[in-house]
Amino acid sequence: MKFPRHALAVAAVLAATAVPAAAQLKAEVIHWWTSGGESAAAKTLAEAYKAQGGQWVDTAIALGEQARSVAINRIAGGNPPTAAQFNTTQQFRDIVEQGLLNNVDDVAKRDGWDKFLPETVLQAIRVNGHYYAAPVNIHNMSWFWFSKAAFKKAGIAEEPKSFDELFAALDKLKAAGLVPLAHGGQPWQDGIVFTATLAHYGGRDLYLKVFRDRDPKAIMGEDFKKVLLAFKRLQSYTDKGSPGRNWNDATAMLINGRAGVQIMGDWAKGEFAQAKQEAGKDYGCSFGFGPNAPYIVQGDVMVFPKTSKPDQIKAQQLLASVITQPATQVAFSQKKGSIPIRTDVDVSKLDICAQMGVAAMKDKARQLGNGEIYITPDQNGALQDVLTSYWNRNIPVEKVQKDVLSALK
């Protein structure tokens, strides 16, 4: 069969300008990175994916709980995204067990994930020998952030090096007419303050007895009672505007010098960066107190909903590979405030807080999984309910101990 000459010419033009097959790989990604710093970080992933031939289709949904709910409903309803953000926890274990996710074993084995991922991360993403998520970063959920301007106004010469010094600093901030503790009164944020108090006031051993072992004797013991009382004491340093406040609005209170301290994950650094503030100059940071303070490992992952479409499987595998590459890891962490999942990357461009975290992660004895690695989402939800009730109401501490024990059964 002969084609008209003009048709052959058109075909030649189309062939010359055809988009490479990889560039046609579209990946719709559901995530909850919606604050200024988070959006800037997400953009680095989209750009890296595009540079290697993919097209990132952004579906950003505020609040983690809401974004995960949308993702799960779409997966169950037969209209899945290409990828969806979850935390490095048991949050996605149910949809793995229901057969609703594709694994990315080929990428993990080819790129050698076992060689550079921390064991706590591997435990979360590897289920029954298969890799069901690509780790994006490592967060520590319990950093202490200090406003240099607020500390100066309150006459605080040195940043706290213990919980006793922290309470002393909060008292001075209060006396100076500042908000001592900038806090967003939402259950997940209450949980972060509790986690920080348990790990750094109660200590590593008690932390594991409560979260990992759910040890009744430890939970009903005097040491855990002291942790709960310290947690409740922190609430007394918050302001009346705290209930319902978003975390980034609390960070803004440190940025403008209105508040002195925030206990929040290292994603808060993304907000400082957006405001052109510099670690060590405009704000201080500490992930714990003392030379052996534990580093609590949390983070974000991308999971890949079940599909049999070849182009979507390729898009998923490309995304899993791009996310975990060294250059992507550094670029993302610079914007997000996290640290890379890899130890074989150049971190010289990261801020001093991130470099502190990287150094701590090199000591496996200091690595501690976040609570949600050890407990199910249902247990975590029940625990958050108990903690938020205690945070906001006058409840006898002995009752709270019993309620925590019941929540973690």
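Colleague: What's the story with the overall build of the protein in this structure? I'm lost.
Modeller: Scanning the protein for helices and strands turns up 21 helices and 13 strands. Projected onto its principal axes, the C-alpha coordinates of the protein cover approximately 90 × 45 × 35 Å. Classification of the 409 residues of the protein by burial places 56% in the buried group. A fraction of 76% describes how many contacts in the protein between residues 6 or more apart in sequence connect residues 24 or more apart. Taking the average location of the 47 positive side-chain charges in the protein and that of its 40 negative ones, the two points are 3 Å from each other.

Colleague: Please clarify how the packing of helix H9 (residues 163–175) against helix H13 (residues 222–235) should be interpreted in this entry.
Modeller: Packed helices, taken two at a time, are described by their axes: the angle between them and the distance between them. The contact between H9 and H13 brings their axes to 11 Å, and the two run at 20°. Between H9 and H13, the angle is such that the two are roughly parallel. Considering how the two elements wind past one another, H9 and H13 form a crossing that is left-handed. Between H9 and H13, the residues in contact are Phe163, Leu166, Phe167, Leu170 and Asp171 and Ala230, Arg233 and Leu234, respectively.

Colleague: Looking at this structure, I do not really get the pattern of salt bridges. What am I missing?
Modeller: Within the structure shown, the criterion is met by 14 salt bridges. Here Lys269 makes a salt bridge to Asp351, at a shortest N to O gap of 3.0 Å. With Lys269 in helix H15 (residues 268–274) and Asp351 in the loop between helix H17 (326–336) and helix H18 (352–361), the pair connects residues that are 82 residues apart, well separated along the chain. Linked through salt bridges whose partners overlap, the residues forming this network are Asp114, Glu119 and Arg126.

Colleague: Can you walk me through the sheet that holds strand S8 (residues 179–181) in this structure?
Modeller: For sheets, the rule is that strands pair by backbone hydrogen bonds, running either parallel or antiparallel. Spatially, the four strands line up as an open sheet ordered S8-S9-S7-S10, and their pairing is mixed. Of all strands in the sheet, those with a lone pairing partner are S8 and strand S10 (283–286), marking the two edges. The sheet shows a mean angle of 20° between the axes of neighbouring strands, direction not considered. With four bridges joining them, strand S7 (residues 143–147) and strand S9 (residues 259–264) adopt antiparallel strand pairing.

Colleague: Got a minute to help me understand H17 in this structure?
Modeller: Since there are 3.6 residues in each turn of an α-helix, residues three or four apart along the chain are aligned in direction. Residues of H17 that are buried: Thr328, Gln329, Val330, Phe332, Ser333 and Lys336. Where H17 is buried, its residues contact helix H2 (36–51), strand S6 (133–135), H15, strand S12 (300–303) and helix H16 (310–323). At the exit of H17 stands Gly337, carrying a positive phi of roughly 95°.

Colleague: Where do I start with the sheet that holds strand S2 (residues 54–60) in this structure?
Modeller: Strand order in the open sheet made by the five strands is S2-S1-S3-S12-S6, with mixed pairing throughout. The sheet is open, and its two borders are formed by S2 and S6, each paired with just one other strand. Within the sheet, the average angular offset between the axes of one strand and its neighbour, ignoring direction, is 30°. Where strand S1 (residues 25–31) and S2 come together, seven bridges link them in parallel fashion. Looking at S2, one finds that Val29 is bridged to Asp58. Contacts between H2 and the sheet are confined to S1 and S2, with S2 contributing the most and set at about 155° to the helix.

Colleague: For this particular structure, what's the right way to read the state of the cysteines?
Modeller: As used here, a disulfide is simply a covalent bond connecting the sulfur atoms of two cysteines. Applying the stated rule across the entire model yields one disulfide. The residue that forms a disulfide with Cys285 is Cys353, at a sulfur-sulfur distance of 2.1 Å. Handedness here is read from the sign of the S-S torsion; for Cys285 and Cys353, about -100°, the answer is left-handed. Of this pair, Cys285 sits in strand S10 while Cys353 sits in helix H18, and the two are 68 residues apart along the sequence. Its relative accessible area of 11% is what places Cys285 among the buried residues. By relative accessible area, Cys353 is classed as buried at 0%.

Colleague: Whenever I open this one, H13 confuses me. Can you help?
Modeller: Look at H13: 20 Å from first C-alpha to last across 14 residues, which is about the 20 Å you get at 1.5 Å a residue. By the burial criterion, the buried members of H13 are Phe224, Lys225, Val227, Leu228, Ala230, Phe231, Lys232 and Leu234.

Colleague: What's the story with the packing of aromatic side chains in this structure? I'm lost.
Modeller: For any pair of aromatic rings, the description rests on two quantities: the centre-to-centre distance and the angle between the ring planes. According to the stated counting rule, one finds 24 aromatic pairs in the structure shown. Taking the centre distance of 5.1 Å and the plane angle of 75° together, the rings of Phe287 and Tyr295 count as edge-to-face. Residue classification places Phe287 among the buried positions, given a relative accessible area of 8%. An aromatic cluster is present here, built from Phe194, Tyr207, Phe211, Phe224, Phe231, Tyr390 and Trp391 joined pairwise through their rings. The ring of Phe167 carries the charged tip of Arg233 above its face, separated from the ring centre by 3.9 Å.

Colleague: Mind showing me how you'd approach the environment of Gly36 here?
Modeller: Relative to the helices and strands, Gly36 resides in helix H2. With 237 residues separating them in the primary sequence, Gly36 and Ala273 have C-alpha atoms 9.5 Å apart. When sequence neighbours within four positions are dropped, the list of residues in contact with Gly36 reads Glu271 and Gln274.

About the criteria used
Here the residue index of a chain counts from 1 through its sequence in written order. For this predicted model, a pLDDT threshold of at least 70 governs which residues receive local features, and a threshold of 80 or more governs which side-chain atom pairs are given and counted, while totals over whole chains, interfaces and linings are taken from all residues. Hydrogens are left out, water is left out, and the side-chain values use all remaining heavy atoms of the structure. Elements are defined by DSSP. Helices are runs of H or I of four residues or more, strands are runs of E of two residues or more, and each kind is numbered from the N terminus. Accessibility here uses a 1.4 Å probe with only protein chains present; expressed as a share of the type maximum, an area under 20% marks a residue as buried, one over 50% as exposed, and anything in between as partly exposed. Any pair of residues with heavy atoms lying within 4.5 Å of one another is described as a contacting pair. The charged-residue count follows a simple rule in which Lys and Arg add positive charge and Asp and Glu add negative charge, with His and chain termini not counted at all. Here the site of a charge means NZ on Lys, CZ on Arg, CG on Asp, or CD on Glu. Lines fitted to C-alpha atoms define the axes here, with helix axes fitted over just the stretch in contact, and angles between the N-to-C directions of these axes take values from 0 to 180 degrees. An angle below 35 degrees is treated as roughly parallel, one above 145 as roughly antiparallel, one from 65 to 115 as roughly perpendicular, and anything else as oblique. Each helix crossing is assigned a hand: it is left-handed if the near helix lies turned anticlockwise from the far helix by less than a right angle, otherwise right-handed if that turn is clockwise. Basic side-chain nitrogens of Lys or Arg form a salt bridge, by our definition, when they fall within 4 Å of a carboxyl oxygen of Asp or Glu. In this scheme, strands are said to pair when DSSP sees at least two bridges between them. What counts as a disulfide here is a pair of cysteine sulfur atoms lying within 2.5 Å. Between the first and last residue of a helix there are one fewer steps than residues, each counted as 1.5 Å, and that sum is the expected span. The rule is short: rings of Phe, Tyr and Trp, with Trp giving its six-membered ring, pair when the centres are within 6.5 Å, and they are stacked under 30 degrees, edge-to-face over 60, tilted in between. Put simply, a charge is over a ring when the Lys NZ or the Arg CZ is close to the ring centre, within 6 Å, and near the line of the ring normal, within 35 degrees.

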